[in-house]
Structure formats: C-alpha cells, structure tokens
Amino acid sequence: MKIAIILGTRPEIIKMSTIIRECEKQIIDYYIIHTGQHYSYEMDRIFFEQLKLPQVKYNIEAGSGKHGEQTGKMLSKIEEILLKDIPEVVLVQGDTNTVLAGALAASKLHIKVGHVESGLRSFDRNMPEEINRIIADHISDYLFAPTEISKQYLLNEGVPEEKIFVTGNTIVDAAYQNLEIANKSANILKELGLSQKKYFVATAHRAENVDDRIRLGGILTGLRQIYKEFDFPIIFSAHPRTVKMIKEFGFEVPEGTVLIEPLGYLEFLQLESKARLILTDSGGVQEESCILKVPCVTLRENTERPETVEVNANLIAGTGEKIIHCVRKMMNSKIEWINPYGNGNASKLILEMIK
Ligand code: UD1
Ligand code: UDP
C-alpha cells in the first residue's frame, strides 16, 4: 500500500504530523506532497523541524494568490505528481485550498481519497473553508469524522454510512504527544515575562475577520476592553495576514496587547496550556483550548466545532460588543468539561481503517 499525504498550511502540518509519525512507525510506504500554500519559516519549516518530520518528496511552491489562481496551480501540479508516482490512497486534512486541490486531483484520477477531519460544518458559505469542506467530503472515499456530530452532518447530506469512520481528531494526538516535549524544551512564559494563568492568548486570521475593517477593528476594541477590566496582558500571535491588514487599515495595537510573530508549535502549545483564557477565530485553537482545559471565546459568528460549545469550553462572541460579555462569563465558568475529540489515537485508527 502506498499513501500520498498532501499538506500545505500550518494546521495541516501539525494535524498530519501524527499520521506521518505513525506511518514511519508502522513502516508504511508513503510520501508527502507540500503545496507551498504556507511558505514563511514560522508558518511552515519550523513545524517540520520541531516535530522532526521527514523531508517532503514534492514541493509545489504554489504560494499565495487569489483562490482560483492558487487552487488551480496546486491542482495541475498535484495531478502531474499523482500520474507519475501513483499512490493507492491520497490523504488530505481539513478545509484549506490545499485540501480542495488535493482531493479533486486524486478523485479525477480515480485514486481513493481519505479526508481527515471530515464532516465539519459552520453552515456559512461565506467562508471559503466551508466550500472546501463540502466538496472534499463529497468526493472522498473514506471520511474520517472526528465526532458523532460530524458523522451526523455527513449522513444528513446523504453520504453513505459505510464511508464514514469516527476516529477523534488528530489534534489530540498532536497535543498529547508534544505537550510533554514542550514542557521540557520550551520556556515561553519566561521569555515573555508571564506568570501562569495570569495572561490571555489571542489569535485571529480568518479572511472574513481580518480583511474587514469593522470586524478587525471590533476585535482590537474587544482586546482593549478586556485589558482594562482584567489587567492581564494579552499575547496576540499574529498570522502574517493579520499583521498586513493591521498596517493596511492603520490600526494601533491596543494597550495591554502584545503582538508577537507566530510561534513554533511547542512554544504555542505551552503558551496556550498555561493561559487563563484564549480568544481566537482559529479552528485548531478552539480545539486545543478545549483539549488543554483552557476556556475559549471565539471571535466569530458561528463555529464548525459545536462540540466545544456543547461541553461549555467555548462561547461564540463575534467581533463586537459581545466579546467582553463572553470573557466575563468564561472567567467565572467551571473548568470541568471532558474533551470531545478522542483520546489521542485518531492517527492509528485512521491508518487501521485504510489498511
Ligand atoms: C489558510 C486557509 C485557512 C487556514 C489558514 C491556516 C484557505 C482558503 N485558507 O488561510 O483555512 O485556517 O491557512 O493558517 O485555504 N502569508 C505569508 N506567509 C505564508 C503564508 C501566507 O506571509 O507562509 C500571507 C500572504 O500575505 C497571504 C496571506 O498570508 O496572501 C494569506 O495566506 P493564504 O494561504 O491565502 O490564507 P491563510 O489566511 O493563511
Ligand atoms: N499555532 C502555532 N503557533 C502560533 C499559532 C498557532 O503553532 O503562533 C498552531 C496551533 O497550535 C494550532 C494551529 O496552529 O495547532 C492552528 O492553525 P491556524 O490557526 O493557522 O489555522 P486553523 O486551525 O484555523 O485552520
């Protein structure tokens, strides 16, 4: 059996890393195609180094661009590779343009497609990710749903049950495997002069948030209010897209907010795990805060991670007035939820099912 693993962005590298490790351990024949959707050192290479991942076999270097342009470049290059280095299964993860291109290229060549983190739905087609997810799910042969909720969404859309496997999310595998390593090797609290549970962490990068003056401005206003009320520093790990847009809109970073470059996974995991609360519009960060037992406030109008809200680990705040109310509520909530994303063996299960 030969597997082609396609990835291209920060969360895909992290969430596929445990499947890659498992392939190495089980001596499964596999290779990696990197689309190059993310390419800056701190969005790409650093994760290969920290997670000790092997070299990719092919890097398409698609880079940034408009949706059609970026996806199109990936699609034609992935097709070329799959035609000459034919795998039995292609694995894609998540909901990025990389996933859309990878799943489409493989399915047109009648190569089996496995979609890791299948069945997530925000029911908001303004998000490019929602379109990518829906298409990837409907052209995949093996749908690895993290929870029963995502399985149900797939069934509701008419996906045959025999294609769906509930496995948990590989982010749990990644968090469990790396937290211990992080606590031995990283020292991010000291580096940033922070005390445990006396700071907040923030991230924002969603196109519909940071490319919109009012929504990005609303997030910064929310952070200003939070600092005023709680007096905890807010460490904002800024995606390059966010840095670019803060500059473009001419916004000032509010008092109490410390804008930092994106961190490596080990440093970020440690930073998250010792935070008092996390504010984010990221999918992966919503999941990790739930896994690490840190209350979360989501800077969006909806989430495709309803499990986190259901277990009372997360509140949906949007980007305006509601942020401060949600933070107050989460600061007073009990941290007694059970992580709904599995026990850290999703990667093993996924490979078992494929075999
Ligand atoms: C992409 C995904 C998003 C995912 C996110 C993970 C799509 C449609 N979006 O969003 O679902 O949550 O990755 O982080 O697939 N840039 C750099 N260096 C990089 C990469 C990007 O500077 O290595 C800057 C460029 O200015 C680029 C912008 O970020 O134009 C956006 O990059 P892009 O990959 O298009 O989308 P993301 O916002 O990263
Ligand atoms: N992450 C990281 N360093 C940072 C910010 C995030 O390593 O400075 C990790 C985080 O732990 C999570 C993943 O990046 O596993 C989430 O990626 P992102 O927010 O870019 O994308 P999304 O999950 O929204 O698709």
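Conventions adopted
Residues numbered from 1 in each chain as written. Chains lettered and ligands numbered in written order. Predicted model: local features only at pLDDT ≥ 70, side-chain atom pairs only at ≥ 80, totals over all residues. Heavy atoms only, no water. Near = heavy atom within 4 Å. Polar contact = N/O pair within 3.5 Å; in protein donor to acceptor, adjacent residues only side chain to side chain. Areas by Shrake-Rupley, 256 points an atom, 1.4 Å probe, with all protein chains shown as cover. Helix = DSSP H or I, 4+ residues; strand = E, 2+ residues; numbered from the N terminus. Nonpolar A, V, L, I, M, F, W, Y, C, P; charged D, E, K, R; others polar. Core = buried A, V, L, I, M, F, W, Y, C linked by side-chain atoms within 4.5 Å. Buried < 20%, exposed > 50% of the residue type's maximum accessible area, 1.4 Å probe, protein only. Contact = heavy atoms within 4.5 Å. Pairing = 2+ DSSP bridges. Right-handed = clockwise from strand over helix to strand, strands pointing away. Axes fitted to C-alpha atoms, helices over the stretch in contact; angles between N-to-C directions. Parallel < 35°, antiparallel > 145°, perpendicular 65-115°, else oblique. Phe/Tyr/Trp six-rings, centres within 6.5 Å; stacked < 30°, edge-to-face > 60°.

A. Structural context of the site of ligand 2. Taken together, 18 residues lie near ligand 2, and Ser 237, Leu 263, Ser 282, Gly 284 and Glu 288 sit nearest. The separation between a nitrogen atom of ligand 2 and a polar main-chain atom of Leu 263 is 2.8 Å. Take Ser 282: an N or O atom from its side chain is 2.7 Å from an oxygen atom of ligand 2. For ligand 2, the accessible surface in isolation is 540 Å², of which the surrounding protein chains cover 96%. Elements with a minimum of two residues in the shell around ligand 2: helix 1 (10–25), helix 12 (265–273) and helix 13 (283–291). Tallied by class, residues from the shell around ligand 2 come to eight nonpolar, six polar and four charged.

B. Layout of the nonpolar core. Residues Ile 5, Ile 19, Leu 91, Tyr 265 and Leu 271 are the most contacted members of the largest nonpolar core, which totals 47 residues. Apart from residues lying up to four places away in sequence, Ile 19 is in contact with Ile 5, Leu 91, Val 116, Thr 170, Ser 347, Ile 350 and Leu 351. Leu 216, Ile 323, Val 327 and Met 331 belong to the second largest nonpolar core, which has 28 residues in total.

C. Layout of the site of ligand 1. Lining the immediate environment of ligand 1, one finds 20 residues, of which His 38, Tyr 39, Ser 40, Glu 129 and Arg 206 sit closest. At 2.7 Å from a nitrogen atom of ligand 1 is found a side-chain nitrogen or oxygen belonging to Ser 40. Here Arg 206 contributes a side-chain N or O atom positioned 2.8 Å from an oxygen atom of ligand 1. Burial of ligand 1 by the protein amounts to 87% of the accessible area it has alone, namely 740 Å². Counting only elements with at least two residues in the shell around ligand 1, the list comes to helix 3 (67–84) and helix 11 (240–249).

D. Examining the pairing of strand 6 (residues 142–145) more closely. Bridge count between strand 5 (residues 112–116) and strand 6: three bridges; the pairing is parallel. Directly across from Val 116, in strand 6, lies its bridge partner Phe 144. Note that the unit made of strand 5, helix 5 (residues 128–139) and strand 6 has a crossover that is right-handed. In this structure, strand 6 lies alongside strand 7 (residues 164–166), joined through three bridges in parallel fashion. The partner of Phe 144 across the bridge, within strand 7, is Phe 165. After leaving strand 6, the chain enters helix 6 (residues 148–156) and then returns to the sheet as strand 7, a path that is right-handed.

E. How the structure looks around the sheet that holds strand 1 (residues 2–7). The sheet built from seven strands is open, its strands ordered 3-2-1-4-5-6-7 with parallel pairing. Pairing within the sheet leaves two strands with one partner each, and these edge strands are strand 3 (58–59) and strand 7. This element, helix 4 (residues 97–108), spans strand 1, strand 4 (89–93) and strand 5 of the sheet and lies at about 160° to strand 4.

F. Spatial organisation of the pairing of strand 10 (residues 257–260). Note: strand 9 (residues 234–238) against strand 10, four bridges, orientation parallel. Across the sheet, the residue bridging to Ile 235 is Val 258, located in strand 10. Of the crossover connections in this fold, the one passing from strand 9 over helix 11 to the parallel strand 10 is right-handed.

G. Highlighting the packing of helix 7 (residues 170–185) against helix 12. Running from amino to carboxyl end, helix 7 crosses helix 12 at an angle of 90°, the nearest separation of the two axes being 8 Å. One element, helix 7, and the other, helix 12, form an angle in the roughly perpendicular class. Where helix 7 abuts helix 12, its residues Ile 171, Ala 174, Ala 175, Asn 178, Leu 179, Ile 181, Ala 182, Asn 183 and Ser 185 lie against Tyr 265, Leu 266, Leu 269, Gln 270 and Ser 273. Residue classes in the contact of helix 7 with helix 12 are distributed as nine nonpolar, five polar and no charged.

H. Expanded view of the packing of helix 1 against helix 7. One can describe the packing of helix 1 onto helix 7 by two numbers: an axis separation of 8 Å at closest approach and a directional angle of 80°. What the angle tells us is that helix 1 and helix 7 run roughly perpendicular. In this structure, helix 1 contributes Ile 14, Lys 15, Thr 18, Ile 19 and Arg 21 to the contact, and helix 7 contributes Thr 170, Ile 171, Asp 173, Ala 174, Gln 177 and Asn 178.

I. Just helix 12, in detail. Along helix 12, eight of the nine residues are buried, which leaves the element largely enclosed by surrounding structure. Turning to helix 12, its buried residues are Tyr 265, Leu 266, Phe 268, Leu 269, Gln 270, Leu 271, Glu 272 and Ser 273.

J. Summary view of the sheet that holds strand 13 (residues 314–316). Taken in spatial order, the six strands line up as 10-9-8-11-12-13 in an open sheet, and their pairing is parallel. Taken across any chain shown, the strands that pair with only one partner, and hence form the sheet edges, are strand 10 and strand 13. Ignoring which end each strand starts from, the neighbouring axes of this sheet average 20° apart. In this sheet, strand 9 lies alongside strand 8 (residues 200–204) in parallel orientation, the contact comprising five bridges. Paired with Thr 203 across the strands is Ser 237, a residue of strand 9. Taken strand by strand, helix 13 contacts strand 8, strand 11 (277–280), strand 12 (296–298) and strand 13, and its axis lies near 165° from that of strand 11.

K. Here's a closer look at the side chain of His 115. Its place among the elements puts His 115 in strand 5. Within polar-contact distance, the side chain of His 115 engages the backbone oxygen of Gly 94 at 2.7 Å. Apart from the residues lying within four places of it in its own chain, the contact partners of His 115 are Val 92, Gly 94, Val 99, Arg 133, Ala 136, Asp 137, Ser 140, Tyr 142, Leu 143 and Phe 144.

L. Representation of the packing of aromatic side chains in the model. This structure, assessed with the given rule, holds six aromatic pairs. On the numbers, 6.0 Å between centres and 75° between planes, the contact of Phe 200 with Phe 230 is edge-to-face. With Phe 200 in strand 8 and Phe 230 in helix 10 (residues 213–230), this residue pair connects regions lying 30 residues apart in the sequence. What makes Phe 200 buried here is its relative accessible area of 0%. Taking the centre distance of 5.5 Å and the plane angle of 65° together, the rings of Phe 200 and Phe 232 count as edge-to-face. Remark: Phe 232 occurs in the loop between helix 10 and strand 9 and Phe 200 occurs in strand 8; sequence separation between them is 32 residues. We classify Phe 232 as buried; its relative accessible area is 19%. Taken together through their ring pairs, the aromatic side chains of Phe 200, Phe 230 and Phe 232 make up a single cluster.

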